[in-house]
Amino acid sequence: MMKKLLPVALLVLLAPALCATSFAYESDYMVHPGVQDFFDTYIVDHLEVGLRMSHFSFKDPSKRTYDANGNLSGGYTTGISTYDMEEEQHYFPLPYLRYNFLPYVGLQFGWENIEGKTVTLDTDAHTDGNVVLSGPSFLLYGRYPIEDFMAPYAGLGVVFFSGNFDEESGWHADGLRNMTADDCTGTLLTLGTSVKIYEHLQGDISFSYLKAESDARYWMRGDSQDRANWKFPCDSWLFQLGIKYAF
């Protein structure tokens, strides 16, 4: 569902910037005084829009399960060979928007995406598929502008992830084996800074700790109930690099 909303989210993020830009570059006699006042009061020195790339690293994605005698009984849970995830990086830039509603306080809206390739305990190790979490993020941050050069910030936020398990075709076997990863809500703790490049153009660099876990289940075709339930541990370190236009 969230993936279908991505184009809408992008439009929502970019629309204010596009509108504001068109207002800013219209000559005075073509702009209604009320519109110009709104732009000067609520957009200039407040709104920032940009694109950023992300690189993430799972904090602790591995887990082995043991029985009462200390014998290995599974991976994430008993009877399941899946025990680890490897990061699948996607470096395509995603939009984000920041609004500094006070000189030292602001809100950030963005889109986050993490993906992990599952690994099994089998002697002939294989993958069942990929855990995919994506969705909008909302961050409340405090900033400290240093003249007109840079603005370090720290923030706390949430991410509303849409969960999906992209099953490997050979393992899935046309529906013989099935696995899902549910939607979840993650939390973000972020440190970063914006740096002026030229005029209204700024660079942005941040480092975040993302805490998230997705409920998972496994069943086979014809089963009347799940064969196993567990949680995918998706806590991650998140490094992001962006560029933005500050009005």
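Residues numbered from 1 in each chain as written. Predicted model: local features only at pLDDT ≥ 70, side-chain atom pairs only at ≥ 80, totals over all residues. Heavy atoms only, no water.

*Asks:* Is there a simple way to think about the overall build of the protein in this case?
*Replies:* Across its full length, the protein holds 3 helices and 14 strands. Within the protein, counting contacts between residues at least 6 apart in sequence, those at least 24 apart form 68% of the total. As displayed, the protein offers around 13,500 Å² of accessible surface, 60% of which is attributable to carbon and sulfur atoms. (Helix = DSSP H or I, 4+ residues; strand = E, 2+ residues; numbered from the N terminus. Contact = heavy atoms within 4.5 Å. Areas by Shrake-Rupley, 256 points an atom, 1.4 Å probe, with all protein chains shown as cover.)

*Asks:* Explain the pattern of salt bridges here, please?
*Replies:* If the charged atoms of two oppositely charged side chains come close together, the side chains can form a pair. Enumeration over the complete set of coordinates arrives at 9 salt bridges. Where aspartate 204 meets arginine 98, a salt bridge forms, and the shortest distance between an N and an O atom there is 3.2 Å. Of this pair, aspartate 204 sits in strand S11 (residues 201-211) while arginine 98 sits in strand S5 (residues 94-102); the two residues are 106 residues apart in sequence, bridging distant segments of the chain. What makes arginine 98 buried here is its relative accessible area of 2%. When the shortest N-O distance is used, the salt bridge between aspartate 226 and arginine 217 registers 2.9 Å. Aspartate 226 gets classed as partly exposed once you look at its relative accessible area, which sits at 28%. Several salt bridges share partner residues, and in doing so they unite Glu48, Arg98, Asp204 and Lys244 into one network. (Salt bridge = Lys/Arg side-chain N within 4 Å of Asp/Glu carboxyl O. Buried < 20%, exposed > 50% of the residue type's maximum accessible area, 1.4 Å probe, protein only.)

*Asks:* What exactly am I supposed to notice about the sheet that holds strand S12 (residues 213-220) here?
*Replies:* What links the strands of a sheet is backbone hydrogen bonding, and the strands pair in either a parallel or an antiparallel sense. Spatially, S9-S12-S13 is the arrangement adopted by the 3 strands of the open sheet, whose pairing is antiparallel. Because the sheet does not close on itself, it has two edges, and the strands there are strand S9 (177-181) and strand S13 (228-233). The average undirected angle you get between the axes of adjacent strands in this sheet is 25 degrees. Bridge analysis of S9 against S12 gives 5 bridges, and the strand direction is antiparallel. Residue pairing in the sheet places asparagine 178 in a bridge with tryptophan 219 of S12. (Pairing = 2+ DSSP bridges. Axes fitted to C-alpha atoms, helices over the stretch in contact; angles between N-to-C directions.)

*Asks:* Is there a simple way to think about the state of the cysteines in this case?
*Replies:* What is meant by a disulfide is a covalent connection between two cysteines, made through their sulfur atoms. With the rule as written, the count across this model stands at 0 disulfides. Here cysteine 184 stays free of any disulfide, with the sulfur of cysteine 234 as its closest cysteine sulfur at 6.5 Å. Note on cysteine 234: relative accessible area 2%, which makes it buried. (Disulfide = S-S within 2.5 Å.)

*Asks:* When you look at the packing of aromatic side chains in this model, what are you seeing that I'm missing?
*Replies:* Ring pairs (aromatic) are described by centroid distance and by the angle formed between their planes. If you walk through the whole model with that rule in mind, you get 13 aromatic pairs. Aromatic side chains tyrosine 141 and tyrosine 153 sit 5.8 Å apart centroid to centroid with 55 degrees between the ring planes, which places their arrangement in the tilted category. Of this pair, tyrosine 141 sits in strand S7 (residues 129-143) while tyrosine 153 sits in strand S8 (residues 150-167), and the two are 12 residues apart along the sequence. For tyrosine 141, a relative accessible area of 2% corresponds to the buried category. Classification of tyrosine 153 as buried rests on a relative accessible area of 5%. Between tryptophan 230 and phenylalanine 232, the ring centres sit 5.6 Å apart and the planes meet at 80 degrees, which makes this aromatic pair edge-to-face. Pair check on accessibility: tryptophan 230 and phenylalanine 232 agree, each one buried. The side chain of arginine 98 reaches across the aromatic face of tyrosine 141, ending 4.2 Å from its centre. Above the face of the tryptophan 219 ring, arginine 217 is positioned so that its terminal group lies 4.2 Å from the ring centre. (Phe/Tyr/Trp six-rings, centres within 6.5 Å; stacked < 30°, edge-to-face > 60°. Lys NZ or Arg CZ within 6 Å of the ring centre and 35° of its normal.)

Any link to function would need more than the numbers given here.
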